[in-house]
Amino acid sequence: VQLQAFGGGLVQAGGSLRLSCAASGRAFDSYLMGWFRQAPGKEREFVAVISWGGGSTYYADSVKGRFTISRDNAKNTVFLQMNSLKPEDTARYYCAADGKHEQLHAQKELYAYWGQGTLVTVSS
């Protein structure tokens, strides 16, 4: 699976952005799809994950209620809608795929495939 994330940019605090991640390869609907982010000088951290069919999601506490993950298996794409953005959301956002596990999880070590990341900058 090859992943390409896009949709990042510069936005003011309180604004919104929608990230997309396009996947190529087979059996996209058999992969957990996650979003992670990495701020300068910090470790990569979990943001959200969505189940194979899209019916279940799980979020980091820091984004719960503001971000929404979704997927369109017909288009091999996963999305991250980000609302009420804060300066602390500034980071490079990465999409990731796990083809071995069905249960939702936040362990980045278990995601075998990663996109190149897209930069989100939130100004105060």
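Let me begin by describing the structure that accompanies this report. (Residues numbered from 1 in each chain as written. Predicted model: local features only at pLDDT ≥ 70, side-chain atom pairs only at ≥ 80, totals over all residues. Heavy atoms only, no water.)

Details of the nonpolar core
So, step 1. Ranked by size, the top nonpolar core spans 36 residues in total, and within it Met33, Trp35, Leu80, Met82 and Tyr93 carry the most contacts.
So, step 2. Within the residue set of this core, elements represented by two or more residues are β1 (2-6), β3 (17-24), β4 (32-38), β5 (45-50), β7 (67-72), β8 (77-82), β9 (91-98) and β11 (118-123).
So, step 3. Excluding residues within four positions of it along the chain, methionine 33 makes contact with Leu3, Cys21, Phe28, Ala48, Val49, Ile50, Ile69, Arg71, Val78, Ala96 and Ala97. (Core = buried A, V, L, I, M, F, W, Y, C linked by side-chain atoms within 4.5 Å. Buried < 20%, exposed > 50% of the residue type's maximum accessible area, 1.4 Å probe, protein only. Helix = DSSP H or I, 4+ residues; strand = E, 2+ residues; numbered from the N terminus. Contact = heavy atoms within 4.5 Å.)

Structural notes on the packing of aromatic side chains
So, step 1. Tallying each qualifying case throughout the model produces 6 aromatic pairs.
So, step 2. For the ring pair tyrosine 111 and tryptophan 114, a centre distance of 6.3 Å and an interplane angle of 65 degrees mean the geometry is edge-to-face.
So, step 3. Residue tyrosine 111 is classed as buried on the basis of its relative accessible area of 3%.
So, step 4. Assessed through its relative accessible area of 27%, tryptophan 114 is described here as partly exposed.
So, step 5. Among the aromatic residues, ring-to-ring pairing joins Phe36, Phe46, Tyr58, Tyr111 and Trp114 into one connected group.
So, step 6. In this arrangement the basic side chain of arginine 44 is found over the ring face of tyrosine 94, its NZ or CZ atom lying 3.7 Å from the centre. (Phe/Tyr/Trp six-rings, centres within 6.5 Å; stacked < 30°, edge-to-face > 60°. Lys NZ or Arg CZ within 6 Å of the ring centre and 35° of its normal.)

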